[in-house]
Amino acid sequence: MKTIPISAMIGLFFTALYFLMAIFAPLIAPYGMAEIVGDVWEPSSAEFLLGTDNIGRDLLSRMIYGGRTTIFIATAATILSFVTGSILGFLAAVLGGWMDQVLSRFVDLIMSIPTLIFALVVLSVMPVTIPTLILVMGLLDSTRVYRLARAVAVDINVMDYVEAAKLRGEGRGWIIFREILPNALSPLVAEMGLRFIFAVLFVSTLSFLGLGVQPPQADWGGIVKENKDGIVYGIPAALIPAFAIATLAISVNLVADWVLNRTTSLKGGRG
Amino acid sequence: MHPVLKLVAQRLALGLLLLLAASALIFAGTMILPGDVAQSILGQSATPEALANLRAELGLNDPPVQRYFDWLLGAVQGDLGTALTNGRDIAESLSQRLSNTLFLAFWAAVISVPLAIFLGLIAVRYKDRWPDKLISAVTLASISIPEFLIGYLLMFFIAVQLGWAPSVAMIGEHMNLGQKLQSIALPVIVLTLVVLAHMMRMTRAAILNVMQSAYIETAELKGLSSFHVIYRHAFPNAIAPIVNVVMLNLAYLVVGVVVVEVVFVYPGMGQYLVDHVSKRDVPVVQACGLIFAAVYIGLNMIADIVSILANPRLRHPK
């Protein structure tokens, strides 16, 4: 662990910072989330570090609470997509046959429609609440995890130790959770970072389009939407959450790159 | 039949089948959900009469399979139904917007494709030296930034601070090509930046892959200059993967357009789709979803067909 490259250190630092801010949001936010404390679009001052937003709420507090919502939704969606995607992927690889065919062709079909478009189609009839968002994003994204998990598991499934476990008479549950899962973990973890970024960008995009987190609840995409009219008057309030999204995504990317490099070198360069 | 023709025909058939299945999925996505569509459009406070009217208007009393085939047959004949919110014919309101969107995507493609291939070649030529490192750093940054951030950054600095381009991309019948191009300058730049990174990275990977072949080593040993090696020997063999990359990114462009259109208030398909999703206008959403999916599947299909045609091994059957 001594040889963490500098880029990964920076990434880890900022990722941890954002997560801590999300967890302790009520403690560190100077004002309430929807509390109107000043004038419209005040510039930054000692009182309001980042200024105020389009109806006079403290932007820093909204950013902190918004980060909490964004990171929570993205994390939950990532976990959901990993649990569904990897279990189905492993099952498809272990069972093979028609089960594999049906699942894989269905995933192909879902991936043939752009994710954003499919999400918009589904959200046009679903009530837009946080659980719905998590469900829609998690399930749509699980198709990508499924592909990776299946590909990795197919490789592992023919290894000698899996054969040995089968001959020992272990059940499918044992094969999946005790043989395949530990060996498939490192590529999956590296992928997890990328999926998390994708989820952050996706939920921000949906909120920006007005179809994600609904006001007065704050989230980064929503803050951009609320303050976008200020841009034309030269007020940069909308750029702050966008900047936060970008730095979070870049830091997670740096960490994911590092994990990916480590795992590929462990496997002798196999991607 | 010639094997290439056979493969192409197979791909075409597969594409059509996929489109059919995608249309069923889009239809099912708006129908087989918990609750009643009419209820979710009108809200909890709707009167029973209003609900019954809307159900009849949407044809919700028919069985779902019949509704799907009615919708599909209509769509094939160019009849996409009428919008719930304003009662207009969807196909009519869509056609102008579709051509606006294609206009935007076309110019973004015209700029980004040659640029991405050129920069990809540069990155390969100067592999592991500063141009390559710079290009990969910029790539990482632009993958991590949401489209709307790039849009607003450019709008803030170029349109508002410097005043070089209009911040809102209005476009109309009366404008000539020059005026139109000036008004879409910013959205085109944003879309170019969004797809450039992916395209460049994948071009670089595709050429590097070819560069490891034995014939490249031979060419190097003959003493050819490195640009000559890339241009004469690596590039022709990398055409199929590069065309694939370009098509995948054009497909991505079609989706990226949705967000960029909303940022710049551009009167295209994306804006239309987003507006009607929030109004819960199901027929419009289905129609737009179908068109976006069709373009996406179509571009992916073209990518496959081009790589079949570009593969010389398939041209001479044994």
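Remember, it's a predicted structure, so these values are computed and weren't measured experimentally.

A. The arrangement of the overall build of chain A in detail. Across its full length, chain A carries 10 helices and zero strands. When the 271 residues of chain A are sorted by exposure, 52% land in the buried category. Look at the contacts in chain A between residues 6 or more apart in sequence, and 70% of them connect residues 24 or more apart. Carbon and sulfur atoms provide 68% of the accessible area of chain A, an area that totals close to 12,100 Å².

B. Geometry of the nonpolar core. Judged by nonpolar contacts, the single largest core of 133 residues is most densely connected at L120 and F208 of chain A together with Y152 of chain B. Sorting elements by how many residues they give to this core places helix α11 (residues 226–263) of chain B first, with 19 residues. Beyond its immediate chain neighbours, meaning those up to four positions away, Y152 of chain B contacts F208, V224, K228, I231 and L239 of chain A together with V263 of chain B. V152, I156, V162 and A165 of chain A belong to the second largest nonpolar core, which has 16 residues in total.

C. Molecular detail of the environment of P241 of chain B. Tracing the backbone shows P241 of chain B in helix α11. Considered as a pair, P241 of chain B and V306 of chain B are 65 residues apart in the sequence and their alpha carbons are 9.5 Å apart.

D. Broad picture of the packing of α11 of chain B against helix α12 (residues 269–278) of chain B. Residues and elements named next belong to chain B. Running from N to C, α11 and α12 point in directions that differ by 80°, and their axes come no closer than 7 Å. Accordingly, the angle class assigned to the pair α11 and α12 is roughly perpendicular. Of the residues in α12, those touching α11 at V258, E261 and V262 are M269, G270, Q271 and V274. Here the residues of the contact of α11 with α12 sort into four nonpolar, two polar and one charged.

E. Spotlight on a nonpolar patch on the surface. Residue and element names in this part refer to chain A. A cluster of nonpolar side chains, namely I6, I10, F13, F14 and L17, defines an oily patch on the protein surface of about 490 Å² accessible area. Along the chain, the position of I6 falls in helix α1 (residues 6–23). Overall, the relative accessible area of 67% leaves I6 in the exposed class.

F. Just the pattern of salt bridges, in detail. All names here are of chain A. Enumeration over the complete set of coordinates arrives at eight salt bridges over all chains. The residue D108 makes a salt bridge to R105 at a minimum N-O spacing of 3.0 Å. One end of the pair is D108 and the other is R105, both in helix α4 (residues 97–111) and three residues apart, which spans about a single turn. Overall, D108 belongs to the partly exposed group, its relative accessible area being 25%. Judged by relative accessible area, which is 45%, R105 ranks as partly exposed. Residue R195 pairs with D141 through a salt bridge whose shortest N-O separation is 3.1 Å. Residue R195 is found in helix α8 (residues 172–208), and its partner D141 is found in helix α6 (residues 130–157); the two are separated by 54 residues along the sequence. Residues participating in the shared-partner salt-bridge network are R105, D108 and R147.

G. α4 of chain A, seen in detail. Helix length check: α4 of chain A, at 15 residues, gives a terminal C-alpha distance of 21 Å against a target of 21 Å (1.5 Å per residue), a fit within 8%. Here α4 of chain A has its buried residues at D100, L103, S104, V107, L109, I110 and M111 of chain A.

H. Representation of the confidence of the model for chain B within the structure. Residue and element names in this part refer to chain B. Looking at chain B as a whole, the pLDDT averages 78, with 85% of positions reaching at least 70. Mean pLDDT across the elements of chain B bottoms out in helix α2 (residues 37–42) (65) and peaks in helix α10 (residues 214–221) (85). Here the prediction assigns the complex a pTM of 0.82, and the interface score ipTM is 0.79.

I. The arrangement of the interface of chain A and chain B in detail. Chain A puts 41 residues into the contact, and the matching count from chain B is 41 residues. For the pairing of chain A and chain B, the buried interface totals around 3,600 Å² over both sides, and the portion due to carbon and sulfur atoms is 83%. Linking chain A to chain B there are zero salt bridges. Seen at the junction of chain A and chain B, the total is zero residue pairs in polar contact (both at pLDDT 80 or more). For the side of chain A that touches chain B, the elements supplying multiple residues, two or more each, are α4, α5 (115–123), α8 and α10 (239–266) of chain A. Considering every element that reaches the side of chain A that touches chain B, the biggest residue donor is α10 of chain A, with nine residues.

J. Here's a closer look at the packing of aromatic side chains. This structure, assessed with the given rule, holds eight aromatic pairs over all chains. Considering the side-chain rings of F198 of chain A and F202 of chain A, the 5.7 Å spacing of their centres and the 10° angle between planes classify their relative orientation as stacked. One end of the pair, F198 of chain A, and the other, F202 of chain A, are both in helix α8, four residues apart, so they sit about a helical turn from each other. Assessed through its relative accessible area of 8%, F202 of chain A is described here as buried. Ring-pair connections join several aromatic residues into one group, and the members of that group are F208 of chain A together with F148 and Y152 of chain B. Note that R178 of chain A overlies the ring of W174 of chain A, its terminal NZ or CZ placed 4.6 Å from the centroid. Positioned above the aromatic ring of F198 of chain A is the side chain of R195 of chain A, whose terminal nitrogen or guanidinium carbon lies 5.0 Å from the ring centre.

K. The environment of I111 of chain B, seen in detail. Residue and element names in this part refer to chain B. Note that I111 resides in helix α5 (residues 90–125). Taking the C-alpha atoms as reference points, I111 and T192, 81 residues apart in sequence, are found 6.9 Å from one another. Discounting residues that sit within four places of it in the chain, I111 has contacts with V188 and T192.

L. Local environment of the packing of α5 of chain B against helix α9 (residues 185–211) of chain B. All names here are of chain B. Put simply, α5 and α9 touch, their axes get as near as 7 Å, and they point 35° apart. When the axes of α5 and α9 are compared, the crossing they make is right-handed. Residues of the contact of α5 with α9, tallied by class, amount to 22 nonpolar, four polar and one charged.

M. Molecular detail of the confidence of the model for chain A. Residue and element names in this part refer to chain A. When the pLDDT values of chain A are averaged, the result is 80; 87% of them are 70 or greater. No element of chain A has a lower mean pLDDT than helix α2 (residues 25–28), which averages 74, and none a higher one than helix α3 (residues 59–95), which averages 88. Across residues 266–271, where pLDDT falls below 50, the model places six contacts with residues more than four positions away in sequence or in other chains.

N. Summary view of the side chain of R195 of chain A. A relative accessible area of 10% places R195 of chain A in the buried class. Not counting chain neighbours up to four residues away, the residues in contact with R195 of chain A comprise T78, F82, D141, R144 and V145 of chain A.

Cut-offs used in this document
Residues numbered from 1 in each chain as written. Chains lettered and ligands numbered in written order. Predicted model: local features only at pLDDT ≥ 70, side-chain atom pairs only at ≥ 80, totals over all residues. Heavy atoms only, no water. Helix = DSSP H or I, 4+ residues; strand = E, 2+ residues; numbered from the N terminus. Buried < 20%, exposed > 50% of the residue type's maximum accessible area, 1.4 Å probe, protein only. Contact = heavy atoms within 4.5 Å. Areas by Shrake-Rupley, 256 points an atom, 1.4 Å probe, with all protein chains shown as cover. Core = buried A, V, L, I, M, F, W, Y, C linked by side-chain atoms within 4.5 Å. Axes fitted to C-alpha atoms, helices over the stretch in contact; angles between N-to-C directions. Parallel < 35°, antiparallel > 145°, perpendicular 65-115°, else oblique. Nonpolar A, V, L, I, M, F, W, Y, C, P; charged D, E, K, R; others polar. Patch = residues over 30% accessible without salt bridge, like charges linked within 9 Å, V, L, I, M, F, W, Y side chains within 5 Å. Salt bridge = Lys/Arg side-chain N within 4 Å of Asp/Glu carboxyl O. Expected span 1.5 Å × (residues − 1). pLDDT = per-residue confidence, 0-100. Buried area = accessible area lost by both parts, 1.4 Å probe. Polar contact = N/O pair within 3.5 Å; in protein donor to acceptor, adjacent residues only side chain to side chain. Phe/Tyr/Trp six-rings, centres within 6.5 Å; stacked < 30°, edge-to-face > 60°. Lys NZ or Arg CZ within 6 Å of the ring centre and 35° of its normal. Left-handed = near helix turned anticlockwise from the far one by under 90°.

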